[in-house]
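Chain residues, written in single-letter form:
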Amino acid sequence: MQIKSLEQYEESYKKSIENPEQFWGEVAQNFRWRKPWYKVLSWNFEEPNIKWFEGAKLNITENCLDRHLEHSADKPAIIWEPNDPEQDSVTLTYKMLHEAVCRFANVLKRNGAQKGDRICIYMPMVPELAIAVLACARIGAVHSVVFGGFSAKSIADRINDAKCKLVITADGVYRGAKPIPLKDVIDDALIGCPTVEKVIVLTHVRTPVSMLKGRDVWWEDEVKHVNAVCEAEEMDAEDLLFILYTSGSTGKPKGVVHTCGGYMVYAGYTFSNVFNYQPDEVYFCTADIGWITGHSYIVYGPLSQGATTLIFEGVPTYPTPSRFWDIVEKHKVNILYTAPTAIRSLMSFGDEPLEGKDLSSLRVLGSVGEPINEEAWHWFDEKIGHGKAPIVDTWWQTETGGIMISPIANVTKTKPSYATLPLPGIQPVLVDENGVEIEGNDVSGNLCIKFPWPGMLRTTYGDHERCRQTYFSTYPGMYFTGDGCLRDEDGYYRITGRVDDVLNVSGHRIGTAEVENAINMHAGVVESAVVGYPHDVKGQGIYAFIIYPNHHQDADLTKKDILQTVTRVIGAIAKPDKILFVSGLPKTRSGKIMRRILRKIAEGETSNLGDTSTLLDPAVVDEIIEAAKNKQ
Ligand code: WT7
């Protein structure tokens, strides 16, 4: 199923559009099913109601594990590189991983988990995280992985929204120089989580933790009580596989739901094609499993294709900014998939960290998470790929389950900062504000997808109407991505960034409304407005305009207090980079904050603010500009 030439791509693409059911039916033949489907696709985007491979039965772990045992039992499935380079790396073969997953699946059962139960996972980037994810899938439990950087309150909200019965965590995590507690955060979260019955705790950093009798058990003890035989649960293609929470322009994060069959086919197919994975290659994706990139392209995609996937616990700059390059050299990494923010950060250290590093194993490079600027693209190409490794700039989203618009390595001619062409099966359209499709080339508009693909979200957990409203109502009959996009004269796509109130900070997706809510929870804050501004390393930084009439004499102290509140409510990733105290916000007569104006001010623009005549009090703008100038 690997596309090897542009002609093959064009052929596949044509077929996928003209006869999607036949196309995906054939792709799906490359996977192991317990029972075949009777219908490849039924759909409507009005409700929406989307079903792929109806009637089919499978278990995704049989595709990620069991089916490789016959020929690749001793092939490395996971290579784990710890935070501390002095510590040994760990290799798990497919046989070992299969055994570990089955054993832990039995631990889950022993602790009361059953098919359909929701299980929250809050863990460091260790092999046991992948084992926990796969063990849930093995028994048909629905995993909800929460990124290790989120606060107790964020975890509690997610646990309660999904009514999780179990939590899997670790005592702590090593990220850079110091260990960070995880179990403590879970303990705080669980004060307000009545549905959680059991907590399974992995020993990793071995800091003291509180273990509550009857609720908390140690991973290491539990695995001693079970054997390593665990028949995979038979799942319907449309049974839930996982929930992953993601931010939008309004309200609390939504639980994006992915199902077993379509997601598996899409993650596997796109992994194999985009990266052109070859047997025996080592593949390294630097994302965290707590985000969709880790789900699809550290765990499910690579393992479904029998690949060797490298899991790294640490950060790019610890102990030195050579860390990535040392890992590439040590494990002879062939494919490196990372984020523009990491590239820009490493770029800022100059050439020295690269000196003497053997990067000759690298064959394909990948970028994901945000638009990659040309400077970073060229640096990645020249310094890391030595001009010989194609860069696949992969555009996709939590909701899409897998890569949508991207070059195919060694097939598609790349172009700096362009995600290039849609993968087979993907029908992107650009629309204007009225939802009218903009045809032809050299045009730009809002990016929509007009036909279903197997990896797409099915609903938002517990609130289908919210799914319909968020993604399918803005432009009826289409899935709206929230991104702006241009299509150049060659028909190549370039994503220009979000057109809604969603920020992308270091590749992390954060809603402005979410940050505002957190700031507004701070005593003394009357109102706030948050916008993004261009940031050299993070891509976007967070700029908060805050009304706080009687703040402490030492304004910096008050700002730190506010940052502490945001850290408590969401997590450190949502802390504003800049705070400006103001006495009013630019609002329309109907009370709507005019963010357009604030965005310009945050970008350093002081004139050309556009039409301000509809403002309730235009004077407030001059005041904010003045305050912003004084700050700089
Ligand atoms: C948003 C999705 C998908 C994995 C990581 C982020 C932006 C993602 C690209 C890219 C330009 C990109 C979009 C998208 N984005 N990849 N290659 N070029 N922008 O997942 O948290 O769901 O965020 O990230 O704005 O909508 P996510």
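Residues numbered from 1 in each chain as written. Predicted model: local features only at pLDDT ≥ 70, side-chain atom pairs only at ≥ 80, totals over all residues. Heavy atoms only, no water.

**Points about the domain arrangement of the protein chain**
You can read the domains of the protein chain as domain 1 (59-430 + 453-461) and domain 2 (503-631). Put simply, the middle of domain 1 and the middle of domain 2, counted by C-alpha atoms, are 33 Å apart. Contact between domain 1 and domain 2 buries roughly 1600 Å² in total, counting both sides, with carbon and sulfur atoms accounting for 47%. Notably, a salt bridge pairs Arg509 with Glu399, separated by 2.6 Å at the nearest N-O pair. At the junction of domain 1 with domain 2, the criterion picks out 13 residue pairs in polar contact (both at pLDDT 80 or more). Those elements that provide at least two residues to the side of domain 1 that touches domain 2 are α6 (152-162) and α12 (340-347). (Domains from an automatic or database assignment. Buried area = accessible area lost by both parts, 1.4 Å probe. Salt bridge = Lys/Arg side-chain N within 4 Å of Asp/Glu carboxyl O. Polar contact = N/O pair within 3.5 Å; in protein donor to acceptor, adjacent residues only side chain to side chain. Helix = DSSP H or I, 4+ residues; strand = E, 2+ residues; numbered from the N terminus.)

**Quick notes on the layout of surface pockets**
In this structure, the second largest pocket occupies an estimated 490 Å³ of space. Mapped onto the lining of the second largest pocket, the elements with two or more residues apiece are α6, β9 (172-175), β10 (178-181), α7 (183-190) and α16 (555-569). With 4 residues, the top contributor of residues to the lining of the second largest pocket is β10. Of the residues assigned to the lining of the second largest pocket, the class counts are 10 nonpolar, 6 polar and 5 charged. Each of domain 1 (59-430 + 453-461) and domain 2 (503-631) accounts for three or more of the residues forming the lining of the second largest pocket. (1 Å grid on protein atoms, 1.4 Å probe; cavity = no way out; pocket = protein on both sides within 12 Å on 5 of 7 lines; lining within 4 Å. Points joined across faces, edges and corners; volume = space filled by probe spheres on them. Nonpolar A, V, L, I, M, F, W, Y, C, P; charged D, E, K, R; others polar.)

**Looking at the packing of aromatic side chains**
With the rule as written, the count across this model stands at 40 aromatic pairs. Taken together, a centroid distance of 5.4 Å and an interplanar angle of 75° make the contact between Trp24 and Tyr269 edge-to-face. Here the residue Trp24 occupies a position in helix α2 (residues 20-28), and Tyr269 occupies one in helix α9 (residues 260-274), the gap between them amounting to 245 residues. For the pair formed by Trp24 and Tyr269, the shared burial category is buried. When the ring of Phe271 is compared with that of Phe275, the centres are 5.7 Å apart and the planes differ by 45°; the resulting orientation is tilted. In this structure Phe271 comes out as buried when scored by relative accessible area, which is 0%. Accessibility expressed as a relative area gives 0% for Phe275, which makes it buried. (Phe/Tyr/Trp six-rings, centres within 6.5 Å; stacked < 30°, edge-to-face > 60°. Buried < 20%, exposed > 50% of the residue type's maximum accessible area, 1.4 Å probe, protein only.)

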